[in-house]
Amino acid sequence: MAGELKYFCSLFVISEMEKKAYLFVLVLVMSQSLGFSQSSPTSYLSLKPTAFFNLDKLRQPINFQQIDYPLLHAAIYFFTNEERSKAGLKPLLYSPEAFQAAQGHAQAMVSHKFFSHTSPIRFSRTLRDRLNRQGANPKYIGENISSTFGIQYQEGKKVGKPIVPGEFTYLQASKRELIPPHTYFSFAQKAVQLWMNSPGHRQNILNPIFTHLGCGAQVYFDPNFYQMPYFMAVQNFIGR
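My aim in this report is to walk through the structure given alongside it, one point at a time. (Residues numbered from 1 in each chain as written. Predicted model: local features only at pLDDT ≥ 70, side-chain atom pairs only at ≥ 80, totals over all residues. Heavy atoms only, no water.)

A few words on the pattern of salt bridges. All chains considered together, the criterion is met by three salt bridges. Between Lys86 and Glu83 there is a salt bridge, with its nearest N and O atoms 3.5 Å apart. Placement of the pair is Lys86 and Glu83 together in helix α3 (residues 69-86), with a separation of three residues, close to one helical turn. Judged by its relative accessible area of 17%, Glu83 is buried. Its salt-bridge partner being Glu97, residue Arg240 comes within 3.5 Å of it at the nearest N-O pair. With Arg240 in the segment after β7 (228-239) and Glu97 in helix α4 (residues 96-111), this pair connects stretches of sequence that are 143 residues apart. Overall, the relative accessible area of 59% leaves Arg240 in the exposed class. Overall, Glu97 belongs to the partly exposed group, its relative accessible area being 22%. (Salt bridge = Lys/Arg side-chain N within 4 Å of Asp/Glu carboxyl O. Helix = DSSP H or I, 4+ residues; strand = E, 2+ residues; numbered from the N terminus. Buried < 20%, exposed > 50% of the residue type's maximum accessible area, 1.4 Å probe, protein only.)

In structure tokens:
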């Protein structure tokens, strides 16, 4: 049995004044949560970007049973600001409220098996609801979400049934070609690249009205494809 894998990502932007959605894509994703605890990335955010990107642990393969979530969240944050720097924009400051909202939404999508900006959880249905629960009510808000492979899969290739559980290979390769897990560096880089390749998501990342950012992620395993590892990833943007 083989399946062709695809990326799914979604975006929602809204301001208190305009109440306008620029892009919305809804994809239902079946998922399974392991309930790992996650903590704030602030221990890494004290580093300058150059020092952070030089961390050896950033290039370690992700162990899906023992994920350094603070490192992963910080990597998404730093890669996002790198794109703003390339565009001549000010970096987004870290917001603990946006982080908590992003982290919570990533976990909720996994635990409750949905993929949307609208949550089925009471009092957390919208991004503004989720930020309000964290004590924040900024003027402008935006959210990017994605469901992205945890392995370094090359889009368009078919993947066969694992011979060893958790080890994925390409189908019909001339030799058995193992697909390695992402490193923290490569996953964050890929996730941000996917958002940047989508006009609506890119608009959020490069929007000058936003001043703060919080990023969250949660692993899950696709029960419909041999427990293939994915991450739900969320960027929450706020403008004060």
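Before going further, it helps to spend a moment on α4. The α-helix advances 3.6 residues per turn, and as a result positions three or four apart in sequence lie on the same side. Over its 16 residues, α4 extends 22 Å from the first C-alpha to the last, a length consistent with the 22 Å expected when each residue adds 1.5 Å. If you check which residues of α4 are buried, you get Ala98, Phe99, Ala101, Ala102, Gln103, His105, Ala106, Ala108, Met109 and Val110. On its buried face, α4 sits against α3, β3 (93-94), α5 (127-133), β4 (140-149), β6 (212-222) and β7. (Expected span 1.5 Å × (residues − 1). Contact = heavy atoms within 4.5 Å.)

Quick look at the environment of Thr42 now. Residue position: Thr42 is located in helix α1 (residues 42-45). As a C-alpha pair, Thr42 and Tyr94 span 52 residues in sequence and 8.4 Å in three-dimensional space.

Below, the discussion takes up α3. Between its first and last C-alpha atoms α3 spans 26 Å; for 18 residues at 1.5 Å apiece the expected length is 26 Å, and the two agree. Among the 18 residues that make up α3, 15 are buried, leaving the element largely enclosed by the rest of the structure. In this structure Asp68 caps α3, since a side-chain oxygen of it lies 3.1 Å from the backbone nitrogen of Leu71. Just past α3, the residue Gly88 takes up positive phi, approximately 75°. (Polar contact = N/O pair within 3.5 Å; in protein donor to acceptor, adjacent residues only side chain to side chain.)

Glancing now at the packing of aromatic side chains. Per the counting criterion, the structure on display carries 17 aromatic pairs. A centroid spacing of 5.6 Å and a plane angle of 85° characterise the contact between Tyr77 and Phe78, whose relative ring orientation is edge-to-face. Taking the relative accessible area as the measure of exposure, Tyr77 reaches 10% and is therefore buried. With a centroid separation of 5.1 Å and 65° between ring planes, the pair formed by Phe225 and Tyr226 is classed as edge-to-face. (Phe/Tyr/Trp six-rings, centres within 6.5 Å; stacked < 30°, edge-to-face > 60°.)

Geometric descriptors of this kind do not, in isolation, establish any biological role.
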